[in-house]
Every structure is written in C-alpha cells, then in structure tokens.
Amino acid sequence: MKINIVVATEEHYKYAEEICETIYQSAIVRGTGIAKRTPEYIQNKMDQRQAIIALDGEKFAGFCYIEKWQNGQFVVHSGLIVQPDYRSIGLAKKIKKFVFDYTRKTFPEAKIFGITTGLAVMKINSELGYKPVPFSELTEDPEFWNGCKTCTNFNILQSKQNKMCLCTGMLFDPKTETKSSTQEKKNSFDKKILNRLKKIKESLLLK
C-alpha cells in the first residue's frame, strides 16, 4: 500500500463531500464535538492551497486543512481525519507532520495552535513541539470561536466566555522553539496526566 500525501488542488474537489461525511461520522463514533464544514468550504481551502489530502491511488484516505487568524499571526490545523479503512497504520501522524512542515514553510512567523478532545492528536502535537496552553494564549479572533457553533459543546464554551471548554488548547510558537531532540518532545507527553486533566476539566465544566 502506497499512500501519497499532497497539497490539495481543484482536481480534488470530487472528494469534498466524502471528506465532510467522514469528519461528521468520526465525531459521532467518538462522541466528541466538532465544527462542521460544508463541501464548498473544503473546496475553497483547496483553491487556497490550504488543504492536505492523503490518497491511496484514487481512493480518499485522509485529510486536514489550514486556517489563518488575526492577519496570519495564528494558524490552526483543522478537520484532521483518516478514512476508517486506513486507521491504525499511523496515517494521521504522517498527515499531521506533513501539514505542520508545510505550514512552517508557508507561514514561518505564525503561531500554530489547535483545540482538541482527542488524546491521540494531543500526543502527535506534543511530539511536534506544541505545548498545552490556556485559551487566553490562542487567537482572540471572534470568527474562530464562532466556528465552534456547530459543536455540541458550544454552550459550554459560551458560558466560559471562550476561556475554557472540553477541548485542550495546544500551541507551537516558532519564536520560543528550542533545539530539543525528538525523544525529549516525546517524553514531554504524559497520557496519564492528560487523562486526569481531562477528567478534572469535565467535572468542573459539567457541574
């Protein structure tokens, strides 16, 4: 099996609907909130060369897209998804690494951040050099937070004035990047601690 990961273009429009459906079904299975996107939105990202797609021949295997905020000061990777037939082979990590490297080259000064409830994504981010941060260190752009309206947890985010939710915020700041080794980055992730952090956050927010 040879899976190619490339920057998506207009020739990949035909996958937009399948991408949206895969993202939606994954959210249902995991029982987590997710910001919904339309096929038109995904196609627009392809036009802007801000989408990454993984293909096994002509078959869709995975996807991720880029969004810019505050005039490019912040960049976020969203919609990371792997089609069910290609899970458990490390494809999500490869896509994330590809989009991370592509972002570093395309927006070298931008802070890269993400919000997620998934421990697998947190681990990948940690290995790339992201650090867990409070939402106050992320973009203040209201349009970003408005994108969470279709998430099932949006009422929690609103009640906390966009300062906290069930997601964990993670940030990569190129200005504070160190020359730590890959192994050191891997060791910075402690699954037990993040699990405990998640449970504490849920108990506080759902009271």
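The coordinates are above.
Scoring rules and cut-offs
Residues numbered from 1 in each chain as written. Predicted model: local features only at pLDDT ≥ 70, side-chain atom pairs only at ≥ 80, totals over all residues. Heavy atoms only, no water. Phe/Tyr/Trp six-rings, centres within 6.5 Å; stacked < 30°, edge-to-face > 60°. Helix = DSSP H or I, 4+ residues; strand = E, 2+ residues; numbered from the N terminus. Buried < 20%, exposed > 50% of the residue type's maximum accessible area, 1.4 Å probe, protein only. Lys NZ or Arg CZ within 6 Å of the ring centre and 35° of its normal. Pairing = 2+ DSSP bridges.

S.K.: When you look at the packing of aromatic side chains in this model, what are you seeing that I'm missing?
M.R.: Aromatic rings in a pair are described by how distant their centres are and how their planes are angled relative to each other. Counted according to the given criterion, the structure contains 10 aromatic pairs. Their ring planes at 70° and their centres at 5.1 Å tell us that Phe113 and Phe144 sit as a pair that is edge-to-face. Residue Phe113 is found in strand 5 (residues 111-116), and its partner Phe144 is found in helix 5 (residues 142-146); the two are separated by 31 residues along the sequence. Comparing Phe113 with Phe144 shows no difference in burial state: the two are buried. Aromatic ring contacts, followed pair by pair, group Trp69, Phe74, Phe113, Phe135, Phe144 and Trp145 into a single cluster. Over the ring of Tyr41 we find Arg37, and its NZ or CZ is 4.9 Å from the ring centre.

S.K.: Can you help me understand the pairing of strand 3 (residues 59-69) in this one?
M.R.: Looking along a regular strand, one sees side chains alternate from face to face of the sheet. Of all 11 residues in strand 3, nine are buried; the element is thus mostly enclosed. Judged from the six bridges that link them, strand 2 (residues 51-56) and strand 3 form a sheet pairing that is antiparallel. Of the residues in strand 3, the one forming a bridge with Ala51 is Tyr65. Linking strand 3 back to strand 4 (residues 74-82) in an antiparallel pair, the connection comprises four residues, with Gln70 at a positive phi of about 50°.

Honestly, it's all geometry; don't read function into it.
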